[in-house]
Amino acid sequence: MIVVYEICAMLRGLIVQLSSGNSRALRDIMDVYQKRLYKYALQYVKNEFVAEEIVEDVFVALWNKHTELKDVEDISGFLLVITRNLCLNYLRKKRLEMIDLASLTEEQIYQRGNLYVLEDETLCSLVSKDYEAKLNNVLNKLPEKTRQIFLLSRRDGLKNKEIAEKMQLLEKSIEYHITKALLEIRKAIFE
Amino acid sequence: MSDELLIKYIQGECTEEESRAILSWIEENDKNKTRYKELMLICSLTDFYMPSYQKEKKQVSWIKIAIGIAACSLGIFWGLSKFANSNQDSIEKYQALLSDVEKRTEITLKVADKQIVSLKDTSALISYNNNRKIVINDSTQIEKKEGTQLNAVFVPYGKRTKLVLADSSTVYLNSGSSLVYPDEFDSDKREVYLEGEAYFKVVKDGKSSFCVRTAYKSVEVLGTQFNVLSDQEAELFQTVLVSGKIALDGNNETMILEPNQCYTYAADNAEEKLESVDVSNYISWIDGRLKFEKEALSNVIRKLEKIYNVKIVLKDKNLDGMLISGRLDLKNTLVSILNSLLFTVSSGEVESKYEIKANGK
């Protein structure tokens, strides 16, 4: 049996403490979520400074609402929604600068495309507790090599070239495996 | 637009020029936009949830699961793209045509205007070189519509089909294969799309080359006889040249094959191999014979599974890797074939060494 390590149990305790005003609990929650929220925000805003600022704002918002959190089971969803909204606000502000396709900087190219994603309400409402379970299910079922490569890329942040060197494979093969994994996940979520 | 390129864009691994072009592609229409949005959302959420995934380190019995390649099995028409990845862009229109004929239990022919014909036979002959008529098994006739249309034929496991194309080239389709092809050929290019395995006898028509596209590589020929295998379950592409000359894109350069050469490409690690072979081992299936030389028993079993449309389980796993050579006449029953096979590799009662099950396909 392949087992998935979840952080639920420990977090539940932290959320209760946070809701009663324990700032130490906030620090611990930040430890758990900081890096992930940063990676998530960075995907959309494509700017490291902006992503850092957004994550800080997310925790400020979390603290501001701490009294309402007493019965919250899943804080992941809550944090993701705040993060997404902050990213959306940032990109909307930049929209006017990105009108002329020909003159876009590389950063702006991605930002312009990402607006379409974040503005799609129905799509984004797929952020649910279900997602993690479905993701784990797909990951468990992948062939060993594909899973290994996918983890090195998405979990450990290695570039395709680095993975290719590490596993003595062609870069093209790495692209193939990552595509395969993502398409399997896409199939599980959208069908 | 290939999924690979789109995902490189999402990962930030493509060049600035590519990213500019991809943004244009995304904004072209809603279909492209949706395709991008879905993948982008998946990727960002996966980044968020991945850190807590860990595989438990434990003695585990190894479970092998074959995952078909999701993209190809979706069969949705994404539209043509401007990108240089030429093997990927127009095969999507071929895959779209196959989406409602595949996975049936009968040989299925799809002609223009989505008219679908099911053939009850175990093997069929379909000819396109009769004066704007499609002739099936020398009896049924279907009128070809005006202009050139893409047709498709699907051959399920356990059945075979011989197809004569409009230029009189012959294609022998093996069990579990599909071919998409035009009912008339344009003067400058003859192109077909194959999933599975087929043997081609291409007629030289003096003016155009003939191209076999697959999910992996394309094979370009003049007048020639060759075998192509594109197996998406095994993630394998293989082509063997019997006579004439063929060209295909290797990983780094164009490869030209001479007769008796075999090119093999394993998709999951992008490894390729060119070697000289005895072609009869690769094309014996056409005459209803299976010939093999120093081949692993498990490979031979797999071929038998496709031909007879069953699942064969060997009880003794040690036999899987045994190398065997020989010839089997497929007119015999599967049971007698398996008995003679296993008689050669093991001792004792052979009937108890294997189990035949109905195939879920």
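Before any of the text, the structure's been laid out above.
Small disclaimer: the values here were computed from a predicted structure and weren't measured.

Helices and strands together make up the secondary structure of chain B, namely nine helices and 22 strands. Here chain B holds 361 residues, and 54% of them are scored as buried. Long-range pairs, those at least 24 residues apart, make up 49% of the contacts in chain B with a sequence separation of at least 6. Here chain B displays about 16,500 Å² of accessible surface, and carbon together with sulfur accounts for 48% of that area.

In this section: the side chain of K8 of chain B. Topologically, K8 of chain B is positioned in helix α1 (residues 3-11). Residue class for K8 of chain B comes out buried when judged on its relative accessible area of 17%. What K8 of chain B contacts, discounting residues up to four positions off in sequence, is E175 of chain A together with E13 and C14 of chain B.

It is worth spelling out the pattern of salt bridges at this point. Two side chains bearing opposite charge may form a pair once their charged atoms approach each other closely. Per the stated rule, a full pass over the model turns up 27 salt bridges over all chains. With a shortest N-O distance of 3.7 Å, E184 of chain B and R132 of chain B are connected by a salt bridge. With E184 of chain B in the loop between β9 (177-182) and β10 (189-202) and R132 of chain B in the loop between β3 (123-130) and β4 (133-136), the pair connects residues that are 52 residues apart, well separated along the chain. Notably, a salt bridge pairs D231 of chain B with R302 of chain B, separated by 2.8 Å at the nearest N-O pair. Of this pair, D231 of chain B sits in strand β13 (residues 224-231) while R302 of chain B is found in helix α8 (residues 297-308), placing the two residues 71 residues apart along the sequence. Exposure remark for D231 of chain B: the relative accessible area of 9% places this residue in the buried category. Taking relative accessible area as the criterion, R302 of chain B reaches 28% and is therefore assigned partly exposed. Residues joined in a network through salt bridges with shared partners are R92, R95 and E119 of chain A.

Mapped onto the fold, E13 of chain B is located in the loop between α1 and α2 (16-28). Buried and unpaired, E13 of chain B has no salt bridge, with K159 of chain A as the nearest side chain of opposite charge at 4.7 Å. A distance of 2.8 Å separates the side chain of E13 of chain B from the backbone nitrogen of N160 of chain A, its partner in a polar contact. Residues contacting E13 of chain B, with those up to four places away along its chain left out, are K159 and N160 of chain A together with K8 of chain B.

Before going further, it helps to spend a moment on the interface of chain A and chain B. Contact residues are listed per partner, giving 70 residues for chain A and 57 residues for chain B. Carbon and sulfur atoms supply 61% of the area buried between chain A and chain B, which totals about 6,400 Å² over both sides. Applying the counting criterion to the chain A and chain B interface returns six salt bridges. D120 of chain A serves as the salt-bridge partner of K37 of chain B, at 2.7 Å between the closest nitrogen and oxygen. Across the chain A-chain B interface, the total number found is 20 residue pairs in polar contact (both at pLDDT 80 or more).

Right, let's talk about the packing of α1 of chain B against helix α3 (residues 30-49) of chain B for a bit. How two helices sit against one another is set out by the angle between their axes and by the gap between those axes. All names here are of chain B. Packing of α1 against α3 brings their axes to within 10 Å, and their N-to-C directions diverge by 55 degrees. The angle between α1 and α3 falls in the class oblique. The two elements α1 and α3 meet at a crossing, and its hand is right-handed. Note on element contacts: α3 touches α1 through R35, Y36, L39, M40 and C43, opposite D3, L6, I7, Y9 and I10. Of the residues that constitute the contact of α1 with α3, the class distribution is eight nonpolar, no polar and two charged.

Another aspect to go through is the nonpolar core. Counting 81 residues, the largest nonpolar core has Y33, L37, L62 and I185 of chain A together with Y9 of chain B as its most contacted members. Tallying contributions element by element places helix α2 (residues 23-45) of chain A first for this core, with 10 residues. Viewed by domain, this core spans two of them, domain 1 (2-133) and domain 2 (142-191) of chain A, each represented by three or more residues. With residues up to four places along the chain from it excluded, the contact list for Y9 of chain B reads I109 and Y110 of chain A together with C14, S19, I22, L23, I26 and Y36 of chain B. Counting 43 residues, the second-largest nonpolar core is a separate cluster that includes V153, L163, F185 and M255 of chain B.

Cut-offs used in this document
Residues numbered from 1 in each chain as written. Chains lettered and ligands numbered in written order. Predicted model: local features only at pLDDT ≥ 70, side-chain atom pairs only at ≥ 80, totals over all residues. Heavy atoms only, no water. Helix = DSSP H or I, 4+ residues; strand = E, 2+ residues; numbered from the N terminus. Buried < 20%, exposed > 50% of the residue type's maximum accessible area, 1.4 Å probe, protein only. Contact = heavy atoms within 4.5 Å. Areas by Shrake-Rupley, 256 points an atom, 1.4 Å probe, with all protein chains shown as cover. Salt bridge = Lys/Arg side-chain N within 4 Å of Asp/Glu carboxyl O. Lys, Arg positive; Asp, Glu negative; His and termini not counted. Polar contact = N/O pair within 3.5 Å; in protein donor to acceptor, adjacent residues only side chain to side chain. Buried area = accessible area lost by both parts, 1.4 Å probe. Axes fitted to C-alpha atoms, helices over the stretch in contact; angles between N-to-C directions. Parallel < 35°, antiparallel > 145°, perpendicular 65-115°, else oblique. Left-handed = near helix turned anticlockwise from the far one by under 90°. Nonpolar A, V, L, I, M, F, W, Y, C, P; charged D, E, K, R; others polar. Core = buried A, V, L, I, M, F, W, Y, C linked by side-chain atoms within 4.5 Å. Domains from an automatic or database assignment.

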